[in-house]
Amino acid sequence: DAGVIQSPRHEVTEMGQEVTLRCKPISGHNSLFWYRQTMMRGLELLIYFNNNVPIDDSGMPEDRFSAKMPNASFSTLKIQPSEPRDSAVYFCASSAGTGGTGELFFGEGSRLTVL
Amino acid sequence: QQPVQSPQAVILREGEDAVINCSSSKALYSVHWYRQKHGEAPVFLMILLKGGEQKGHEKISASFNEKKQQSSLYLTASQLSYSGTYFCGTRGTYKYIFGTGTRLKVLA
């Protein structure tokens with residue numbers, strides 16, 4: 001099994017630019033999560049999808065962040081415009097189950113640096 | 001609310017034991033434990049679904065006290081490979097929230 005696939009692995013951009021992070025969950029998993037990790041704030045849940053539907057986006061920092069899941073095999077997290085404080089590692093994770101009973105499988109992460 | 005883990009960091013010698021605690025201010029329905037090595041993604045260790053449940057994975061085990069809204073991870077006879085940051089993950093209503101993390105370093 002290929003596991004959760006994220007791209008790009010590294011992204012360096014300038015403030016004000018649009019950033020799009022991509023995620024392919026494990027086939028058959030119906031839950032998808034986007035997390036942001038920084039030293040200061042740890043692992044923060046940004047948004048959670050179940051069966052391609054956004055269930056909870058209360059963790060999305062502000063309107064500059066948006067996420068979509070057009071089908072069961074693809075999700076994007078977009079930041080527009082990007083700011084230096086958005087620099088972090090963004091993880092996508094998927095799970096086969098709802099309600100907290102399935103383990104999370106994480107992608108390798110996308111390290112974003114905004115200059 | 002993010003679960004609070006203690007201690008924040010711990011240094012061990014190979015063969016020593018350690019306990020990592022996870023405490024939530026909200027009701028817990030399940031508790032997950034993950035380990036993250038530097039520069040890598042978190043990796044699942046175990047899940048506890050019921051209060052009072054205890055599980056083991058190699059020399060790593062965990063307990064879940066639903067009433068106290070707490071879970072503990074026990075590392076026995078630690079090995080160099082145990083080094084990393086440990087996170088508890090908790091489910092509130094339907095989403096996974098991770099604890100503050102505990103950095104563990106095992107020295108030879």
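Anything mentioned here points back to the structure above.
About the criteria used
Residues numbered from 1 in each chain as written. Chains lettered and ligands numbered in written order. Predicted model: local features only at pLDDT ≥ 70, side-chain atom pairs only at ≥ 80, totals over all residues. Heavy atoms only, no water. Disulfide = S-S within 2.5 Å. Helix = DSSP H or I, 4+ residues; strand = E, 2+ residues; numbered from the N terminus. Buried < 20%, exposed > 50% of the residue type's maximum accessible area, 1.4 Å probe, protein only. Pairing = 2+ DSSP bridges. Contact = heavy atoms within 4.5 Å.

Colleague: Got a minute to help me understand the state of the cysteines in this structure?
Modeller: Defined simply, a disulfide is a covalent bond joining two cysteines at their sulfur atoms. Residue and element names in this part refer to chain A. Counted under the stated rule, the structure contains two disulfides over all chains. With a sulfur-sulfur separation of 1.9 Å, Cys23 is cross-linked through a disulfide to Cys92. Judged by the torsion about the S-S bond (-65 degrees), the Cys23/Cys92 disulfide is left-handed. With Cys23 in strand S3 (residues 19-24) and Cys92 in strand S9 (residues 88-95), the pair connects residues that are 69 residues apart, well separated along the chain. Of the residues examined, Cys23 reaches a relative accessible area of 1% and is grouped as buried.

Colleague: Looking at this model, I keep getting lost on the pairing of strand S9 (residues 84-91) of chain B. Mind explaining?
Modeller: As a general feature of sheets, a regular strand has side chains that alternate between the two faces. All names here are of chain B. Summarising burial for S9: eight of the eight residues are buried, a large majority. As judged from the six bridges shared by strand S4 (residues 31-36) and S9, these two strands associate in the antiparallel manner. Looking across to S9, one finds that Trp33 is bridged to Cys88. With three bridges joining them, S9 and strand S11 (residues 102-107) adopt antiparallel strand pairing. Counted as the bridge partner of Gly84 is Leu104 from S11. Relative to strand S10 (residues 96-98), S9 is paired through three bridges, and the arrangement is antiparallel. Across the sheet, Arg91 pairs through a bridge with Tyr96, a residue of S10.

Colleague: I keep staring at the environment of Gly16(A) and nothing clicks. Help me out?
Modeller: Residues and elements named next belong to chain A. Locating Gly16 in the fold gives a position in the loop between strand S2 (10-13) and S3. The exposure class assigned to Gly16 is partly exposed, which follows from its relative accessible area of 35%. In the structure, Gly16 is positioned 99 residues away from Leu115 in sequence and 9.4 Å away in space, judged by C-alpha atoms. Beyond its immediate sequence surroundings of up to four residues, Gly16 is in contact with Gln80, Pro81 and Ser82.

Colleague: Even after reading the chapter, I still don't get unusual backbone geometry, so can you show me in this structure?
Modeller: Between Ser7(A) and Pro8(A) the backbone carries a cis peptide bond, its omega angle lying at -5 degrees. The topology assignment puts Pro8(A) in the loop between strand S1 (5-7) and S2. With phi around 50 degrees, Asn51(A) is a residue other than glycine that occupies positive phi space. Among the structural elements, Asn51(A) can be located in the loop between strand S5 (42-50) and strand S6 (53-56). In the Ramachandran plot, Ala77(B) falls in the positive-phi region, its phi being about 50 degrees despite a non-glycine side chain. In this fold, Ala77(B) is placed in the loop between strand S8 (70-75) and S9.

This is a description of form; function is not addressed.
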